[in-house]
Amino acid sequence: DPAQIKGTIKFPNQKNFELAPCQWENYWEQICLPTELEKRRIDVLHAPAFTIPVIKVCKTVVTIHDITYKLFPDNFDKYAIDYYNKWVPISVQNADMVITDSECTTRDIIEHYSVPKEKIETIYLSCGKEFRRLSQMDLSFVCQKYGIKGKYILYIGTLEYRKNIHRMLSAFKLLRQRMGIEHQFLLVGKQRPFFDI
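These notes cover the structure that comes with them. (Residues numbered from 1 in each chain as written. Predicted model: local features only at pLDDT ≥ 70, side-chain atom pairs only at ≥ 80, totals over all residues. Heavy atoms only, no water.)

### Observations regarding the overall build of the protein chain
For step 1, the next point in the chain: Assigned secondary structure in the protein chain consists of 7 helices and 6 strands.
For step 2, the next point in the chain: By its C-alpha atoms, the protein chain is 65 × 40 × 30 Å across when sized along the principal axes.
For step 3, the next point in the chain: Here the protein chain holds 197 residues, and the buried ones make up 27% of them.
For step 4, the next point in the chain: The contacts in the protein chain between residues at least 6 apart in sequence include a share of 50% that link residues at least 24 apart.
For step 5, the next point in the chain: Total accessible area on the protein chain stands at roughly 14,700 Å², and carbon and sulfur atoms take up 56% of it.
For step 6, the next point in the chain: In the protein chain, 28 side chains carry a positive charge and 23 a negative one; their mean positions are 6 Å apart. (Helix = DSSP H or I, 4+ residues; strand = E, 2+ residues; numbered from the N terminus. Buried < 20%, exposed > 50% of the residue type's maximum accessible area, 1.4 Å probe, protein only. Contact = heavy atoms within 4.5 Å. Areas by Shrake-Rupley, 256 points an atom, 1.4 Å probe, with all protein chains shown as cover. Lys, Arg positive; Asp, Glu negative; His and termini not counted. Charge placed at Lys NZ, Arg CZ, Asp CG, Glu CD.)

### Remarks on a nonpolar patch on the surface
For step 1, the next point in the chain: On the surface, Leu134, Leu139, Tyr152, Leu154, Ile156 and Val188 cluster together into a nonpolar patch covering about 520 Å² of accessible area.
For step 2, the next point in the chain: The element best represented in the nonpolar patch is strand S5 (residues 152–156), accounting for 3 residues.
For step 3, the next point in the chain: Within the element layout of this structure, Leu154 appears in strand S5.
For step 4, the next point in the chain: Leu154 gets classed as partly exposed once you look at its relative accessible area, which sits at 45%. (Patch = residues over 30% accessible without salt bridge, like charges linked within 9 Å, V, L, I, M, F, W, Y side chains within 5 Å. Salt bridge = Lys/Arg side-chain N within 4 Å of Asp/Glu carboxyl O.)

### Here's the deal with the sheet that holds strand S2 (residues 59–64)
For step 1, the next point in the chain: With respect to topology, 4 strands assemble into an open sheet ordered S1-S2-S3-S4, the strand pairing being parallel. Whereas interior strands pair on both sides, the edge strands pair on one side only; in this sheet they are strand S1 (44–47) and strand S4 (120–122). Between one strand axis and the next, the sheet turns through 20 degrees on average, direction left out of account.
For step 2, the next point in the chain: Inspection of the sheet shows S1 paired to S2 by 4 bridges, in the parallel sense. For His46, the partnering residue across the bridge sits in S2 and is Val61. (Pairing = 2+ DSSP bridges. Axes fitted to C-alpha atoms, helices over the stretch in contact; angles between N-to-C directions.)

### Some remarks on the pairing of strand S6 (residues 184–188)
Along a regular strand, successive side chains alternate from one face of the sheet to the other.
For step 1, the next point in the chain: Pairing geometry for S5 and S6, over 5 bridges, is parallel. Among the inter-strand pairings, Tyr155 is bridged to a residue of S6, identified as Leu187.
For step 2, the next point in the chain: A crossover links S5 with its parallel partner S6, the connecting element being helix H7 (residues 165–179), and its sense is right-handed. (Right-handed = clockwise from strand over helix to strand, strands pointing away.)

### So, the environment of Ser126
For step 1, the next point in the chain: When you line up the elements, Ser126 lands in the loop between S4 and helix H6 (136–146).
For step 2, the next point in the chain: Exposure remark for Ser126: the relative accessible area of 74% places this residue in the exposed category.
For step 3, the next point in the chain: Expressed as a C-alpha distance, the spacing of Ser126 and Pro116, which sit 10 residues apart in the sequence, is 26 Å.

### Some thoughts on the nonpolar core
For step 1, the next point in the chain: In terms of nonpolar packing, the biggest core is built from 15 residues, with Val62, Ile64, Val88, Val92, Val98, Ile109 and Tyr113 touching the most fellow members.
For step 2, the next point in the chain: Counting only elements with at least two residues in this core, the list comes to S2, helix H4 (78–94) and helix H5 (103–113).
For step 3, the next point in the chain: The next biggest cluster of nonpolar side chains, apart from the first, holds 7 residues, and it includes Tyr155, Leu159, Ile181 and Phe195. (Core = buried A, V, L, I, M, F, W, Y, C linked by side-chain atoms within 4.5 Å.)

### Let's talk about the environment of His112
For step 1, the next point in the chain: For His112, the position within the fold is in helix H5.
For step 2, the next point in the chain: Look past the residues within four positions of His112 in its chain and what remains in contact with it is Ile67, Lys70 and Leu71.

Here's what the structure looks like:
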């Protein structure tokens, strides 16, 4: 819904760019979007988040970031599990091309949805301009604020069981015991409910 994102995202000021209204997201995707694509004579639809319309009016590319809803259902509510289990298999079969973020997800899609490898392209994620080297002054401030001293190993990601953080911590403990490293282990990320270290 454009009203929800107005002012939060800078959109290009170009004639070939248009922000289309969208309400009732899932209904809009499956019912309204095909009509909009046909009306605007769109050549290719890229759906960056798991699903495409069943009604196909142009070439389609879908990005699948992971299939954790299937592999780790305890991290999702019932609605999300039902939705993804219904629409993702249909989407990957109907799409002309599937994009993944990792080789792991590519293997998962091949194994669980029988999609031929030739139909999948792995394109690794990058980061935005806000991720940059800090000045020495900023770095000192952050280190002081969080009690970081010397070298460290950094984990950035959601704090949840499926990320195998406990295994990382066990490996880190072994490194300290066997190799005598003096690094700190830093965890950065949003903590999911029920996750505990």
